[in-house]
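# Structural description and commentary
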Amino acid sequence: MGVLQNKIDFVAFVSVTMANPNGDPLNGNSPRTDYAGLGEMSDVCIKRKLRNRMQDMGQAVFVQSADRCDDGCGSLSERASARLGKAKDAKDSAAYAQKACETWLDVRSFGQVFAFKDTKGVSIGVRGPVSVHQTVSVSPVQVEDILITKSVNGENGEKPRSSDTMGMKHFVRFGLYKIKGSINVQLAEKTGFTEEDAEILKECLRTLFVNDASSARPEGSMEVVKLYWFRHNCKDGQYSSAKVHRSVHAQLKDSSQFPTCVEDYQITAEPLERLEPEILDGI
């Protein structure tokens, strides 16, 4: 497939049930919320999950988690040097960036900054065509904390632990979050982001929480409910991304009740002339 020729906007709704979707390290790893009580997930969190799914689908990824490293490289600089060599001076920037985009899907999707210690301050930046917004819940979320106890020793020789050795666990009882994003054609032309890459990204979004289970996010506690995929008929888009994102929304069926499940919401998309979204169910 060739380089992407049509602007794409996307909206996904994610349900969270008794899980911590994205902990805040400055707040004891409690689920992120704003001053209005709305839940938040950072764009970095979403991109991390997208990268993991890209790896699961057999794609080469530059920014890998330590527990998912598949090439034996212990750092980003080691991975860059192993695959691309050193950029000796600024003259190599364009060729280096092009090779990086050809090598790794996440680089030609999200962009990357390659900084080098031994090149007199030269760094190479790649602007990626895929942008993901800060994700916010549709309604305020109820964050709960529970105390957990540990009664098993971590090391031999320690005084036996009693059940009053306490810890804390935080979770959202229920929340419906709205992920928004876009793919820019002009930047796709620069990085070589293709139609095939767009299809891979769509599938990654649809299956965002596959192989993502942990103690904070038990299997089945996070789910992509709906994915709206808008393919415009031109490079610049028939409508602004803001208008497209606003056209898809979720409303409580009964505003007097606090939501406890996704069935409490009605998810709809306002019609936009000559722009019909592809609507997919998540898994």
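So, here is what we can say about the structure in this document. Worth saying up front: this structure is predicted, and the values here are computed from it rather than measured.

What follows concerns the packing of aromatic side chains. For the structure on display, the rule yields four aromatic pairs. Both rings, one in Phe-62 and one in Phe-114, keep their centres 5.1 Å apart while their planes meet at 50°; by these two values the pair is tilted. In this pair, Phe-62 is assigned in the loop between α1 (43-56) and α2 (76-84) and Phe-114 in strand β5 (residues 111-115), connecting sequence segments 52 residues apart. A relative accessible area of 2% places Phe-62 in the buried class.

Next up on the list: the nonpolar core. Soluble, globular proteins show a tendency: their nonpolar side chains are buried together. Membership of the largest hydrophobic core comes to 37 residues, with the highest contact counts inside it found for Leu-4, Phe-10, Val-14, Leu-50, Ile-183, Leu-201 and Trp-229. Those elements that provide at least two residues to this core are β1 (8-19), α1, α4 (105-110), β7 (130-132), β10 (166-183), α5 (185-191), α6 (195-206) and β11 (222-231). In terms of residue count, the dominant contributor to this core is β1 (six residues). Contact partners of Val-14, with chain neighbours within four places excluded, come to Gly-175, Leu-176, Tyr-177, Ile-179, Phe-209, Met-222, Glu-223 and Val-224. Counting 15 residues, the second-largest nonpolar core is a separate cluster that includes Leu-176, Ala-250, Tyr-265 and Leu-272.

We now examine the state of the cysteines. Note on terminology: disulfide describes a covalent bond linking the sulfur atoms of two cysteines. Taken as a whole and judged by the stated rule, the model has zero disulfides. In this model Cys-73 remains outside any disulfide bridge; the closest cysteine sulfur is found in Cys-69, 6.2 Å from its own.

For Ala-188, the position within the fold is in helix α5. When the C-alpha atoms of Ala-188 and Asn-6 are compared, they prove to be 9.9 Å apart, with 182 residues separating the residues in sequence. Those residues in contact with Ala-188, other than ones at most four positions away along the chain, are Val-3, Leu-4, Pro-129 and Phe-193.

Once that is clear, we can look at the environment of Leu-227. Take Leu-227: it is sitting in strand β11. Between the C-alpha atoms of Leu-227 and Glu-189, which are 38 residues apart in sequence, the distance is 25 Å. Non-local contacts of Leu-227, meaning those with residues more than four positions away in its chain, are made with Phe-10, Val-11, Ala-12, Lys-202, Leu-205, Arg-206, Glu-278, Ile-279 and Leu-280.

Thresholds applied
Residues numbered from 1 in each chain as written. Predicted model: local features only at pLDDT ≥ 70, side-chain atom pairs only at ≥ 80, totals over all residues. Heavy atoms only, no water. Phe/Tyr/Trp six-rings, centres within 6.5 Å; stacked < 30°, edge-to-face > 60°. Helix = DSSP H or I, 4+ residues; strand = E, 2+ residues; numbered from the N terminus. Buried < 20%, exposed > 50% of the residue type's maximum accessible area, 1.4 Å probe, protein only. Core = buried A, V, L, I, M, F, W, Y, C linked by side-chain atoms within 4.5 Å. Contact = heavy atoms within 4.5 Å. Disulfide = S-S within 2.5 Å.

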